[in-house]
Number of protein chains: 2
Amino acid sequence: MKEFKTIEVKRSIFEDNDADAGRLRKELKEEGTFLLNLMSSPGAGKTATLKRTIEALKDEFRIGVMEADIDSDVDARAISETGVRAIQIHTGGMCHLDADMTRQGIREFGTKDLELVVLENVGNLVCPAEFDTGSTKNAMILSVPEGDDKPLKYPLMFSICDVVLINKCDTLSVFDDFSKEAVKERILKLNPKAEVIYISAKTGEGFEEWLRWLRKEIREYRM
Amino acid sequence: MKEFKTIEVKRSIFEDNDADAGRLRKELKEEGTFLLNLMSSPGAGKTATLKRTIEALKDEFRIGVMEADIDSDVDARAISETGVRAIQIHTGGMCHLDADMTRQGIREFGTKDLELVVLENVGNLVCPAEFDTGSTKNAMILSVPEGDDKPLKYPLMFSICDVVLINKCDTLSVFDDFSKEAVKERILKLNPKAEVIYISAKTGEGFEEWLRWLRKEIREYRM
């Protein structure tokens, strides 16, 4: 049995996405809903990280997840198994979500009673960085197998994120040309305020630090 | 010393990219230049695969490489070390190349004397699939760490490629939830004519088969 709804969002009619994102952020603040926009390349581990995060926090916060994909509902199915509310958003071929597409998801989902909503954006290091979704905070995942040169090649994404999770750290011995120090230095050069946290969604390494960051952000937002 | 030129391409003025791609394909055919459009997610191993491919083929064919990136010249620098001609294309923030942007690169590069030109597209599994570049053949790389569910989530990319290289096969024992059979089945369901080849750009595994495919395609094209 399918435990989640799928909605098809339409391209925004607003020309000024930044202004619209600001409006959505204000609406969410009034409701007390913290919206985390989670971005990465395909296969960096967004869904696995999210599943482990939900398991740790689901007794503390009322959580909902919006899974954006061009097609398929693989991820919404995985998330709904954790017991939290999930919705699948189909972007109709679009490579990102803008603020109005996010609002369509939020309204259809009904987030008034939720404290934390995670928007799992389309797997793409380029386009989602260009569109403010109206989220409270932006998070991204870079996985070790992708290489430590990615901040040089996709600088905008690293510039707009509040937190960068370096995932699959359990494979550092296999990908031995990946330098934890070099990647952090490159990220901080682009974005000195970014929080850089090394994790493994498989083993749980680093989750204590990541969860500490997320809890603190949610609590300060809802005060 | 910098061994390659960098050019900034402008967004196409043509509304009908498909027609323009057809024109470019015809121009290249007249010159006898085989254009391979190589696509993947960020970090799947395009540059590493290309370096090994060039080492194997550079005495057989006159090769040139066009490296498309939003920013940086990391890849063009790596390729120019192999001794073949390289050019860096900056897309000015654009997440893909269309046919006219490719033509700007081709003309600036000067490809008349080249037999094989590889266009390393922007790292992105979404947008490059939507724009025909005018290439002779489309190739993509999916790496094992990305997961075997990617054909379900990015179906268009897998549908338009003539060959799909499954890279980083040397890490299959680490990523033991990746099924070689499942990924191939999912690809062939979308694209029954696709050639699926398992490789490792690190160890050289599978390169015999990949090079056999590429040699055959180039020779048939230039007959």
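Residues numbered from 1 in each chain as written. Chains lettered and ligands numbered in written order. Predicted model: local features only at pLDDT ≥ 70, side-chain atom pairs only at ≥ 80, totals over all residues. Heavy atoms only, no water.

Undergrad: Just to check I follow, could you spell out the interface of chain B and chain A for this structure?
TA: By a widely used convention, the size of an interface equals the accessible area lost when the partners come together. Facing 32 residues of chain B, the contacting portion of chain A comprises 32 residues. Overall, the association of chain B and chain A removes approximately 2,400 Å² of surface from exposure, summing both partners, and the carbon and sulfur fraction of that is 60%. Scanning the region where chain B abuts chain A turns up 2 salt bridges. For Asp75(A), the salt bridge goes to Lys153(B), with nearest N and O atoms at 2.7 Å. (Contact = heavy atoms within 4.5 Å. Buried area = accessible area lost by both parts, 1.4 Å probe. Salt bridge = Lys/Arg side-chain N within 4 Å of Asp/Glu carboxyl O.)

Undergrad: What's the story with the packing of helix H1 (residues 17-31) of chain B against helix H4 (residues 99-109) of chain B in this structure? I'm lost.
TA: Between two packed helices, what matters for the description is the angle formed by their axes and the separation of those axes. Residues and elements named next belong to chain B. Contact geometry of H1 with H4 gives a least axis separation of 9 Å together with a crossing angle of 30 degrees. In terms of their interaxial angle, H1 and H4 are classed as roughly parallel. Listed contacts from H4 to Asn17, Asp20, Ala21, Arg23, Leu24, Glu27, Leu28 and Glu31 of H1 are Ala99, Asp100, Thr102, Arg103, Ile106 and Arg107. Residues that form the contact of H1 with H4 fall into these classes: 5 nonpolar, 2 polar and 7 charged. (Axes fitted to C-alpha atoms, helices over the stretch in contact; angles between N-to-C directions. Helix = DSSP H or I, 4+ residues; strand = E, 2+ residues; numbered from the N terminus. Parallel < 35°, antiparallel > 145°, perpendicular 65-115°, else oblique. Nonpolar A, V, L, I, M, F, W, Y, C, P; charged D, E, K, R; others polar.)

Undergrad: Help me out: how do you make sense of the packing of aromatic side chains in this one?
TA: Aromatic ring pairs are reported here in terms of the distance separating the ring centres and the angle at which the planes meet. Within the structure shown, the criterion is met by 5 aromatic pairs over all chains. Measuring from ring centre to ring centre gives 5.3 Å for Phe34(A) and Tyr221(A), while their planes differ by 90 degrees; the resulting arrangement is edge-to-face. One end of the pair, Phe34(A), is in strand E2 (residues 34-40); the other, Tyr221(A), is in helix H8 (residues 207-222), with 187 residues separating them in the sequence. Given the relative accessible area of 12%, Tyr221(A) is considered buried. Residues Phe175(A) and Phe175(B) carry aromatic rings whose centres are separated by 6.4 Å and whose planes lie at 55 degrees to one another, so their mutual orientation is tilted. Note that Phe175(A) is positioned in the loop between strand E7 (163-167) and helix H7 (180-190) and Phe175(B) in the loop between strand E7 (163-167) and helix H7 (180-190), a pairing that runs across two chains. (Phe/Tyr/Trp six-rings, centres within 6.5 Å; stacked < 30°, edge-to-face > 60°. Buried < 20%, exposed > 50% of the residue type's maximum accessible area, 1.4 Å probe, protein only.)

Undergrad: Whenever I open this one, the pattern of salt bridges confuses me. Can you help?
TA: When the charged atoms of two side chains lie near each other, side chains of opposite charge can form a pair. Across all of its chains, the model carries 38 salt bridges over all chains by this definition. With a closest N to O distance of 3.4 Å, Glu31(B) and Arg107(B) form a salt bridge. Pair noted here: Glu31(B) is in helix H1 and Arg107(B) is in helix H4, with a separation of 76 residues, a long-range link. Residue Glu31(B) is classed as buried on the basis of its relative accessible area of 19%. With a closest N to O distance of 3.2 Å, Arg77(B) and Asp73(B) form a salt bridge. For Arg77(B), a relative accessible area of 44% corresponds to the partly exposed category. Among the residues examined, Asp73(B) registers a relative accessible area of 17% and is labelled buried. Among the charged side chains, a network of salt bridges with common partners joins Asp20(A), Arg23(A), Glu27(A), Glu31(A), Asp100(A), Arg103(A) and Arg107(A).

Undergrad: It is not clear to me how the sheet that holds strand E5 (residues 116-120) of chain B should be interpreted in this structure. Could you clarify?
TA: Sheets are built from strands paired through backbone hydrogen bonds, the pairs being either parallel or antiparallel. Residue and element names in this part refer to chain B. With parallel pairing, 8 strands are arranged side by side in an open sheet as E1-E4-E3-E5-E2-E6-E7-E8. If you trace the sheet from one side to the other, it starts and ends with strand E1 (5-8) and strand E8 (195-198), each paired once. Put simply, the sheet's adjacent strands are angled 20 degrees from each other on average, direction ignored. The sheet contact formed by strand E3 (residues 63-69) and strand E4 (residues 85-90) spans 6 bridges and is parallel. Counterpart to methionine 66 in the pairing with E4 is isoleucine 87. Most of the contacts of H7 go to E8, to which it runs at about 160 degrees, and overall it touches strand E6 (137-143), E7 and E8. (Pairing = 2+ DSSP bridges.)

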